[in-house]
Amino acid sequence: MGSRSQASWVGAGRWTGAAEPWMSSRVLCAPLPSVPFLFLLLLAAPGARAAGYETCPRVQPNMLNVHLVAHTHDDVGWLKTVDQYFYGVKNTIQHAGVQYILDSVISALLAEPTRRFIYVEIAFFSRWWNQQTNATQEIVRKLVRQGRLEFVNGGWVMNDEATTHYGAIVDQMTLGLRFLEDTFGTDGRPRVAWHIDPFGHSREQASLFAQMGFDGFFLGRIDYQDKQLREDSLEMEQVWRGSTSLEPPTADLFTGILPNMYSPPQNLCWDMLCRDNPVVEDPRSPEYNVKTLVTYFLKLATNQGQHYRTNHTVMTMGSDFQYENANLWFKNLDKLIRQVNAQQANGSRVHVLYSSPACYLWELHKANLTWSVKKDDFFPYADGPHMFWTGFFTSRPALKRYERLSYNFLQVCNQLEALAGREATLGPYGWGDSALLNEAMAVLQHHDAVSGTAKQHVVNDYARQLAEGWGPCEVLLSNALAWLSGSKLAFSFCRELNMSICPPSQKSASFHVVIYNPLGRKVDQMVRLPVSKGVFLVKDPNGKTVLNDVVVVPSSDPQEHSPELLFSASVPALGFSIYSVTRMNQTMPQAPPPNSAPHKSQYRVLAIENEYIRATFDPDTGFLTEIRNKDKKLLLPVSQAFFWYIASVGDDKSQQPSGAYIFRPDGQKPFPVSRWAQIRLVKTALVQEVHQKFSAWCSQVVRLYQGQRHLELEWTVGPIPVGDAWGKEVISRFDTPMKTNEYFYTDSNGREILRRRRNYRPTWALKQTEPVAGNYYPVNTRIYIKDGRMQLTVLTDRSQGGSSLTDGSLELMVHRKLLKDDYRGVGEPLLEKGSGEVVRGRHLVLLDRVDSAAAEHRLLAEREVLAPQVVLAPADGARYRPRATPLKQFSGLRRELPPSVHLLTLARWGPDMLLLRLEHQFTAWEDSSRNLSAPVTVDLRDLFSTFAITHLQETTLAANQPRASASRLQWTPSTGPTPHPVPSTLDPSSITLQPMEIRTFLASVQWKDSKTRSRFRFSS
């Protein structure tokens, strides 16, 4: 990335100076007609008014109206990288060039004023837009204003719904929708959400879209059994209730299932990538085919219309990377429309028209029908018997963890940019910027990115984008920390701490440890750093000595692991604490080496414990056998071990193998990695650990820190051996005697919890063909089982697939290595090499009473997703300001937020404006022990310590519409009428959050001078 010049505030809410390399060109990649000619066409276009439903084409009320939706589906990475797709590079892999698609579509729209087109992926469109001339941009604005070029969905990408965290979904949608709002105003605002390719659909996604202000949601992929039943029962369209906590219709969203996923009907594909015959209208030509084609189309439309309730149906005319030569498509669609509609003179009752998802939705709304209500989700997805798309829940676990870490780091970056203001952007360490990581994270939400379903070289490129985004954010953090602390230190970021690599702590005799806490409440964090051997003195921000341990990680190879320094740090809300570490010169008695027992243990009882938890292990096998919650007086026998399923390569029932998308085990019973573990015990004043080695490629550390209410299982898996010609799908399984009656529970994108039941779907009678894969569900942050008294919850540090295949059992898939492609387009087996071969992760295990479990797992999940950020620095540094006393501790809040309130977003929005989101993170009736499910009120006045809010405006969730003026189409659900929500008066002193409610604000702010800390008048 080149150096940046003086900044100005433009674009999608980010600082920018010199153009990016791909934004520097101001000429078109392909010539368009002359500008005067284009303006004449635009003036002649029908319905040239403000974009929205009023620009929709006329329909025939007494006919079957077939809405043709011209579209392209442009994956933001899959078989080719993002740049390769945009520029049309590497067409030997796949012929696709997005820049040419957009050039061609604009020209084709201008050639005929009745034509319409929709576009989705703003990651591509924004790049193309910034390469256009002012004249071309004005032409496109007019097309948008007329509703002939319509944006649907509007996110940076079309995100996955299984492996994405809700916070990252909100961020990527905000980025894309803000670009549209800044570029086109309300004319470019999408009315419809459009997820035609994600591999299953989450209920939380519907809830988020509803809160963003969308009127409807169209899906492409649903389970083949579900679709068949819906077609037969006329339930291809209904109201989806996205929340059990939010008062309807807040999270209600009209949802439609497209008839042909997102492809054109058979024989009607007229792209350069297709082979169907064009429409030949000349009756003198031997290739004349109008009569046959029209007859076929009329029958097709009639049959399709029988599965829907109104006299409207929709046909998607386009597919992956189509319309590079848009004239091929539009010329044939023009002919099709003309010839089919001509049959009305002969009594035909079919009317065909260029349309859009929004215009189709508008006609459904005008039908004024009562619609059935869906309350579950669309997982798992299968497109045929033995073909369950549940493997991608786990595929490429290293990338999934990198994405989750990057989300954490981006929120830290955003918060410090907001707290420090301009000083974070331009400071002593250079130019700091959050935009690059924000865009990289948005790209990672694409349904072939974090899902792990792209080719290996594309996955490598996704990782490259994240890595490049971290750099400018590290500069920003350095600037902000220096400004807020008053010390200019040489800050270092150890990106490989998970591998016990951190040169600043391993090579320095003395250093500072800066711990930043992104949560709205104080946290006590156990800091663990690799060091060289020795004795250390640790002091807190007040200069008091802090108890510490040097833990020598046991290993058969003494050179394999370095010692690790361990101490507990207390960090204030939305702030940092600076601890000092010094290696002492004097010699002190060294702790004896940790006890070890390779198989037969000398211990009668092998256990680790603290004041809250005791975990017991079988001294002969080394396996976990029991967890005791001492505080709640609960005892649960628990056996935990690793197993692996043989990945199917096809059999006599089906040729379907396991692959990046598909999970299909060869048999229902997994094989144990080992029947015993070599164990080593570590016990210090701060931590107790059992190190388990199951095989050369599978090990685990079971850990209990002092003061910790959960058991931590840190597993390491890989490289998975496949020399026996068996692909392997590795799971961690917990077995208990709990009576769970076939039920288990998983989260939906990290928010609400859905109840699951084995071999069951809430809305249809399931014919189960895969008893293992067909019962797997996405686990974004947690999975649990419960009986009437106890609940066992396992929290994850990334998205994984999970299930409960027998009563009292939980399993989570942690890694996969497969030898065959699953025939879904990737064209290569999931054989990850390099950094993805060996994966390390954590499972956090909670045993609690049912009535108090939510309070523990909700707050623990919040801490896991937004963990403290550790930054190192040398002990010596200059003062930021002369005569100013450096701060060793800082909080961005004057008072802590209540436990039920999560600070979802705090980020720069403009030169003197911030984006603020507050979230109630408990569902209704979830917590009875601490009343955390009750509504909660927050006073925003003088809440933040570094700035004062001078004006506050509440918006919809994606911050692209004022909440007071936002309105959605109202639908009539079969459950009865719902009240029309009336926005309450905004009172900054009393911001009330209902369970699961997210409230979004744009706050005009004035940063406080470090000397005066003056107060400012507040208005709303």
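Scroll up for the structure.
Keep in mind that this is a model prediction, so the values were computed, not measured. The residue numbers shown here count from 1 along each chain, following its written sequence. Selection of residues for local features in this predicted model requires a pLDDT of at least 70, selection of side-chain atom pairs for listing and counting requires 80 or more, and totals for whole chains, interfaces and linings are taken over all residues. As a convention, hydrogens and water are excluded, and side-chain values are obtained from all of the structure's heavy atoms.

**Some thoughts on the sheet that holds strand β7 (residues 216-219)**
Phase 1: If DSSP finds at least two bridges between two strands, the strands pair. For helices the rule is a DSSP run of H or I covering at least 4 residues; for strands it is a run of E covering at least 2, with both sets numbered from the N terminus onward. With respect to topology, five strands assemble into an open sheet ordered β6-β7-β9-β8-β13, the strand pairing being mixed. The strands lining the two open edges of the sheet, one partner per strand, are β6 (192-195) and β13 (373-374).
Phase 2: Alignment of β7 against strand β9 (residues 252-257), held across four bridges, turns out to be parallel. Looking across to β9, one finds that F218 is bridged to G256.
Phase 3: Only heavy atoms enter the contact rule, under which two residues are in contact if any of them lie within 4.5 Å. Between N-to-C directions, angles span 0 to 180 degrees; the directions come from axes that are lines fitted to C-alpha atoms, helices contributing only their stretch in contact. Running at roughly 120 degrees to β9, helix α7 (residues 203-211) makes contact with β6, β7, β8 (237-241) and β9 of the sheet.

**A word on the environment of W470**
Phase 1: Structurally, W470 is set in helix α15 (residues 456-485).
Phase 2: The spatial distance from the C-alpha of W470 to the C-alpha of L410 is 8.2 Å, given a sequence separation of 60 residues.
Phase 3: With near-sequence residues (within four places) excluded, W470 lies in contact with Y402, L405, S406, F409, L437 and R495.

**Description of a nonpolar patch on the surface**
Phase 1: Residues form patches when they are more than 30% accessible in relative terms and have no salt bridge. Like charges link within 9 Å. Nonpolar side chains (Val, Leu, Ile, Met, Phe, Trp, Tyr) link within 5 Å. Per-residue accessibility takes into account occlusion by the displayed protein chains alone, with areas from the Shrake-Rupley method and a 1.4 Å probe. Between Lys or Arg on one side and Asp or Glu on the other, a salt bridge is scored when a side-chain nitrogen of the former is within 4 Å of a carboxyl oxygen of the latter. Taken together, the side chains of M272, L273 and L328 make up a nonpolar region of the molecular surface, amounting to roughly 240 Å² of accessible area.
Phase 2: Within the secondary structure, L328 is located in helix α10 (residues 326-342).
Phase 3: Burial status follows relative accessibility: with a 1.4 Å probe on protein chains alone, a residue under 20% of its type maximum counts as buried, one over 50% as exposed, and anything between as partly exposed. A relative accessible area of 33% means that L328 is categorised as partly exposed.

**Looking at the pattern of salt bridges**
Phase 1: On inspection of all chains with the given rule, the structure shows 55 salt bridges.
Phase 2: Three or more residues are tied together by salt bridges with common partners; here these are R528, E564, E689, R703, E712, E714, R842 and E864.

**Side note on empty space enclosed by the protein**
Phase 1: Only protein atoms enter the 1 Å grid used here. Points where a 1.4 Å probe fits but cannot escape make up a cavity, open sets with protein on both sides within 12 Å along at least five of seven lines make up a pocket, and a residue lines them when an atom lies within 4 Å of a point. Grid points are joined across faces, edges and corners, and a volume is the space filled by probe spheres set on the points. For the coordinates displayed, the defined rule picks out 13 cavities of 30 Å³ or more.
Phase 2: Of the pockets and cavities examined, the second largest cavity occupies roughly 160 Å³.
Phase 3: In this structure, the second largest cavity is lined by 17 residues; those nearest its centre are H165, Y166, G750, E862 and Q921.
Phase 4: It is helix α17 (residues 853-865) that provides the largest number of residues to the lining of the second largest cavity, a total of four residues.
Phase 5: Gly counts as polar in this scheme, as do all residues outside two lists: the nonpolar Ala, Val, Leu, Ile, Met, Phe, Trp, Tyr, Cys and Pro, and the charged Asp, Glu, Lys and Arg. Taken together, the residues of the lining of the second largest cavity break down into seven nonpolar, five polar and five charged.

**Considerations on the nonpolar core**
Phase 1: Put simply, buried Ala, Val, Leu, Ile, Met, Phe, Trp, Tyr and Cys residues joined by side-chain atoms within 4.5 Å make one nonpolar core. Counting residues in each nonpolar core, the largest one holds 272 residues, and the members touching the most others are F125 and Y323.
Phase 2: The element best represented in this core is α15, accounting for 13 residues.
Phase 3: Those residues in contact with F125, other than ones at most four positions away along the chain, are L102, Y119, V140, F151, F179 and F184.
Phase 4: The next biggest cluster of nonpolar side chains, apart from the first, holds seven residues, and it includes M526, V551, L566 and Y705.

**Considering the side chain of S406**
Phase 1: Tracing the sequence through the fold places S406 in helix α12 (residues 397-420).
Phase 2: Judged by its relative accessible area of 0%, S406 falls in the buried class.
Phase 3: Counting of polar contacts relies on pairs of N or O atoms within 3.5 Å, with two restrictions inside protein: one atom must be capable of donating a hydrogen and the other of accepting it, and residues adjacent in sequence are counted only when both atoms are side-chain atoms. Of the polar contacts made by the side chain of S406, one reaches the side chain of W470; its length is 3.0 Å.

**A closer look at the environment of A934**
Phase 1: Checked against the element boundaries, A934 lands in the loop between β47 (913-920) and β48 (936-938).
Phase 2: For the pair A934 and G52, spaced 882 residues apart in the sequence, the C-alpha separation amounts to 39 Å.

**Side note on the pairing of strand β46 (residues 901-910)**
Phase 1: The element β46 is largely enclosed, with a buried count of ten among its ten residues.
Phase 2: As judged from the eight bridges shared by β46 and β47, these two strands associate in the antiparallel manner. Considered in β47, the bridge of A907 is made with L915.
Phase 3: Once β46 ends, the chain turns through two residues before running back antiparallel as β47.

**Topic: helix α3 (residues 98-111)**
Phase 1: One less than the number of residues in a helix, times 1.5 Å, gives the span that helix is expected to have. Compared with the 20 Å implied by 1.5 Å per residue over 14 residues, the 20 Å span of α3 between its first and last C-alpha is a close match.
Phase 2: Within α3, eleven of the 14 residues are buried, which leaves the element mostly enclosed by the surrounding structure.
Phase 3: Along α3, the residues classified as buried are V98, Q99, I101, L102, D103, S104, V105, I106, A108, L109 and L110.

**Points about helix α14 (residues 435-444)**
In an α-helix, one turn spans 3.6 residues; hence positions three or four apart end up facing the same way.
Phase 1: Burial analysis of α14 places nine of its ten residues in the buried class, which makes it a mostly covered element.
Phase 2: Among all positions of α14, only A435, L436, L437, E439, A440, M441, A442, V443 and L444 are buried.

**Some thoughts on the state of the cysteines**
Phase 1: Two cysteine sulfur atoms make up a disulfide if the distance between them is within 2.5 Å. Inspection of the entire model under this criterion finds four disulfides.
Phase 2: Sulfur-sulfur distance for the disulfide between C269 and C274 comes to 1.8 Å.
Phase 3: C494 shares a disulfide with C502; S-S distance 1.9 Å. Between C494 and C502, the S-S dihedral sits near 45 degrees, and the bridge is therefore right-handed. Accessibility assignment for this pair places C494 and C502 in one class, buried.
Phase 4: Ordering the disulfide-forming cysteines of the chain by sequence position, one finds them joined as 1-4, 2-3, 5-6, 7-8.

**Considerations on unusual backbone geometry**
Note: most peptide bonds trans; most residues except glycine with negative phi.
Phase 1: In this model, P248 is joined to P249 through a cis peptide bond whose omega is 10 degrees.
Phase 2: Summarising the element assignment, P249 is placed in the loop between β8 and β9.
Phase 3: Look at the link from F379 to P380: it is a cis peptide, with omega at -10 degrees.
Phase 4: Notably, M261 is not glycine yet its phi reads approximately 60 degrees, a positive angle.

**So, the sheet that holds strand β21 (residues 548-551)**
Phase 1: Pairing in this open sheet of three strands is antiparallel, and the strands run β18-β22-β21 from one edge to the other. Pairing within the sheet leaves two strands with one partner each, and these edge strands are β18 (523-530) and β21. Geometrically, the sheet is characterised by an average inter-axis angle of 30 degrees between neighbouring strands, direction not taken into account.
Phase 2: Bridge count for β21 against strand β22 (residues 564-571) is four bridges, and the pairing is antiparallel. Looking across to β22, one finds that D549 is bridged to L566.

**A closer look at the packing of aromatic side chains**
Phase 1: Pairing of aromatic rings covers Phe, Tyr and the six-membered ring of Trp, with a centre-to-centre limit of 6.5 Å; geometry is then stacked below 30 degrees between planes, edge-to-face above 60, and tilted otherwise. In the structure shown here, the tally under the stated rule is 51 aromatic pairs.
Phase 2: Ring plane angle 70 degrees and centroid distance 5.0 Å describe the contact between F663 and Y776, whose orientation is recorded as edge-to-face. A residue pair is termed long-range when its members are at least 10 positions apart, and F663 in the loop between β28 (634-646) and β29 (671-672) and Y776 in the loop between β36 (753-757) and β37 (777-779) qualify at 113 residues.
Phase 3: Through successive ring pairs, a cluster of aromatic residues spans Y119, F125, W128, W129, F151, F179 and F184.
Phase 4: In our convention, an over-ring charge means Lys NZ or Arg CZ found within 6 Å of a ring centre and within 35 degrees of that ring's normal. The side chain of K728 reaches across the aromatic face of W644, ending 4.8 Å from its centre.

**Concerning the packing of helix α6 (residues 166-184) against α7**
Phase 1: α7 packs onto α6 with a crossing angle of 40 degrees between their chain directions and a minimal axis gap of 11 Å. The angle between α6 and α7 places the two elements in the oblique class. Between α6 and α7 the crossing geometry is right-handed. Packed against α6, whose contacting residues are Y166, I169, V170 and M173, the element α7 presents Q205, L208 and F209 at the interface.
Phase 2: The class makeup of the residues in the contact of α6 with α7 is six nonpolar, one polar and no charged. Any angle from 65 to 115 degrees is called roughly perpendicular, while one under 35 is roughly parallel, one over 145 is roughly antiparallel, and all others are oblique. Crossing handedness: left-handed means the near helix sits turned counterclockwise from the far one by under a right angle, and right-handed means the same turn made clockwise.

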